[in-house]
Amino acid sequence: MLSYTVDEQAGVIELIVDGAITRADYEGLIPVLEAQIAKHGKLRVVETVRKLGPIDWSLWWQDVKWVADHRDKVARAAVITDHGWIGPITRAAAALFSGEMRVFRESQSEAARAWVREG
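For clarity, every value in this text was computed on a predicted model and none was experimentally measured.

1. Comments concerning the confidence of the model for the chain
Argument step 1. Per-residue pLDDT for the chain has a mean of 92; in total, 99% of the residues score no lower than 70.
Argument step 2. Summarising per-element confidence for the chain, the mean pLDDT is lowest in helix α3 (residues 86–93) (86) and highest in helix α4 (residues 109–117) (97).

Here it is as structure tokens:
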């Protein structure tokens, strides 16, 4: 499941990944991301990964293409997770973006939110 909230004034999107991500989840999020880019110029994202479930391979590819087209549209992204293997993957993926990405533990979620909002 992929859910999100948007703080329109701050321009911050908070995502929660808690299980499988469906095509409907993904396709519902993309217009929200595009709207935030149109409004604020760049994305500020807080993504909490609680449980990562199955994701259709075609969605992975669709996401890779979307990221490639928008790699200069991320100001800051914080990934919050207690899954140790996600940190190295996130740090490697950070090289694709012009903005900043950091990984935080779940106990640091407030610090992650503050970091995304500053700057």
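2. Description of the packing of aromatic side chains
To describe a pair of aromatic rings, you give the distance between the ring centres and the angle between the ring planes.
Argument step 1. The tally for this structure, following the rule as stated, stands at 1 aromatic pair.
Argument step 2. Each ring, one from F104 and one from W115, has its centre 6.1 Å from the other, and the planes form 50°; the classification is tilted. Of this pair, F104 sits in strand β5 (residues 100–104) while W115 sits in helix α4, and the two are 11 residues apart along the sequence. The burial state of F104 is the same as that of W115; both residues are buried.

3. Focus on α3
Argument step 1. All of the buried residues along α3 are I86, G87 and T90. One face of α3 carries all of its buried residues, which in axial projection span an arc of 100°.
Argument step 2. Taken together, the buried residues of α3 touch β3 (43–55), β4 (74–81) and β5.

4. Regarding the sheet that holds β4
Argument step 1. As summarised here, the arrangement of the 5 strands in space is β1-β2-β3-β4-β5, forming an open sheet in which the pairing is mixed. Edge positions in the open sheet fall to β1 (2–7) and β5, since each of these has one partner strand only. Direction aside, the axes of adjacent strands within the sheet are offset by 15° on average.
Argument step 2. Its contacts with the sheet put α3 on β3, β4 and β5, and the angle it makes with β5 is roughly 175°.

5. Some remarks on helix α1 (residues 23–40)
Argument step 1. With 18 residues, α1 should cover 26 Å at 1.5 Å per step; its first-to-last C-alpha distance of 26 Å lies within 8% of that length.
Argument step 2. When α1 is considered as a whole, its buried residues turn out to be D25, Y26, L29, I30, V32, L33, Q36 and I37.
Argument step 3. Among the structural elements, β1, β2 (12–21), β3 and α2 (57–70) are those in contact with the buried residues of α1.
Argument step 4. Positive phi shows up at G41, right after α1, with a value of about 90°.

Thresholds applied
Residues numbered from 1 in each chain as written. Predicted model: local features only at pLDDT ≥ 70, side-chain atom pairs only at ≥ 80, totals over all residues. Heavy atoms only, no water. pLDDT = per-residue confidence, 0-100. Helix = DSSP H or I, 4+ residues; strand = E, 2+ residues; numbered from the N terminus. Phe/Tyr/Trp six-rings, centres within 6.5 Å; stacked < 30°, edge-to-face > 60°. Buried < 20%, exposed > 50% of the residue type's maximum accessible area, 1.4 Å probe, protein only. Arc of directions from axis to C-beta. Contact = heavy atoms within 4.5 Å. Pairing = 2+ DSSP bridges. Axes fitted to C-alpha atoms, helices over the stretch in contact; angles between N-to-C directions. Expected span 1.5 Å × (residues − 1).

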